[in-house]
Amino acid sequence: ATQLRRILTIVPARGLIGAALLSLAVGVAFVLAPAHGRQVVDRDTFALFPRDIGAWSGVTERLAPDTEAVLGATDYINATYLAPGESTVNLFVAWYASQTEGEGLHSPEVCLPVGGWEVFSIDPTPVSIPGTVYGDFLVNRAVIQKGMSKQLVYYWFEQRGRRMTNDYAAKFSVVWDSLTIGRSDGAIVRFVTAIEDDETEAEAEARLLRLMGYALKRLPKFIPE
């Protein structure tokens, strides 16, 4: 009782009062807002994603069962592409029909170190893919290293027509779109290529962008806008 009486001596803080009122207003809005039925989006399964795009030919590989279980994706593709005179580029896309029921995006910032790769650097980087619905947008550009091997990684979160580099912002958009338009589907898109011993990062990046230019022309059929 003595400790409880100390509550009466606490001076009300404007920030705390504001946060309480904001929480109350948001709660009331959620209760009173009209319910939006869940929209079912029309898309092609990744089993139909082309294995030959431009001069590139790809082979797909399933993930290990325990990795698939952790990923929890509705559908995914893990394909490695090769073109004459080029090193390989891996395309990985995981798509979720719903991200509000215990399943959702996993950031490579968390997954890569678990695979033994150390993140050497990571920065939001602008890219331009003309001739596609994506146009100019930001990706997360990372250089990862395991021993003497280095790889260049591009990845972003594809969220109902928006490309996002921050996983927290992506998760917030899921909540908002689920309430306002009845959609919580989304995907993570990742491209990876090795930085060979006899080449620069810029040369590896140019190769990765060459495949992206072909792949992103086909991706909207599999990740609805």
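Refer to the structure printed above.
Residues numbered from 1 in each chain as written. Predicted model: local features only at pLDDT ≥ 70, side-chain atom pairs only at ≥ 80, totals over all residues. Heavy atoms only, no water.

K.L.:
When you look at the pattern of salt bridges in this model, what are you seeing that I'm missing?
P.N.:
Side-chain pairs of opposite charge can arise whenever the charged atoms involved come near each other. Considering all chains together, one arrives at 11 salt bridges under this definition. With a shortest N-O distance of 3.0 Å, Arg-43 and Asp-75 are connected by a salt bridge. With a gap of 32 residues between them, Arg-43 in the loop between helix 2 (14-32) and strand 1 (52-53) and Asp-75 in strand 3 (residues 75-82) connect regions that are remote in the sequence. With its nearest N and O atoms 3.6 Å apart, the salt bridge here joins Arg-163 to Glu-225. One end of the pair, Arg-163, is in strand 8 (residues 162-164); the other, Glu-225, is in the segment after helix 6 (201-218), and 62 residues separate them in sequence. Counted as one network, the salt bridges with shared partners bring together Arg-141, Glu-201 and Glu-205. (Salt bridge = Lys/Arg side-chain N within 4 Å of Asp/Glu carboxyl O. Helix = DSSP H or I, 4+ residues; strand = E, 2+ residues; numbered from the N terminus.)

K.L.:
In this structure, what is going on with the environment of Val-127? I would like to understand it.
P.N.:
Relative to the helices and strands, Val-127 resides in strand 5 (residues 118-129). Placed 10 residues apart in sequence, Val-127 and Phe-137 show a C-alpha to C-alpha distance of 5.7 Å. Leaving out residues up to four positions away in the same chain, Val-127 has contacts with Gly-135, Asp-136, Phe-137, Val-139, Tyr-154 and Leu-209. (Contact = heavy atoms within 4.5 Å.)

K.L.:
I tried to follow the packing of aromatic side chains on my own but got confused; where do I start?
P.N.:
For any pair of aromatic rings, geometry is given as the distance between the ring centres together with the angle between the planes. In this structure the tally under the stated criterion is seven aromatic pairs. With 6.1 Å between their ring centres and 80° between their planes, Tyr-155 and Phe-157 make a pair best called edge-to-face. Residue Tyr-155 is classed as buried on the basis of its relative accessible area, which comes to 1%. Given a relative accessible area of 0%, Phe-157 falls into the buried group. Judged by centre distance (6.2 Å) and plane angle (20°), the rings of Trp-156 and Phe-191 are stacked. Here the residue Trp-156 occupies a position in strand 7 (residues 149-159), and Phe-191 occupies one in strand 9 (residues 186-194), the gap between them amounting to 35 residues. (Phe/Tyr/Trp six-rings, centres within 6.5 Å; stacked < 30°, edge-to-face > 60°. Buried < 20%, exposed > 50% of the residue type's maximum accessible area, 1.4 Å probe, protein only.)

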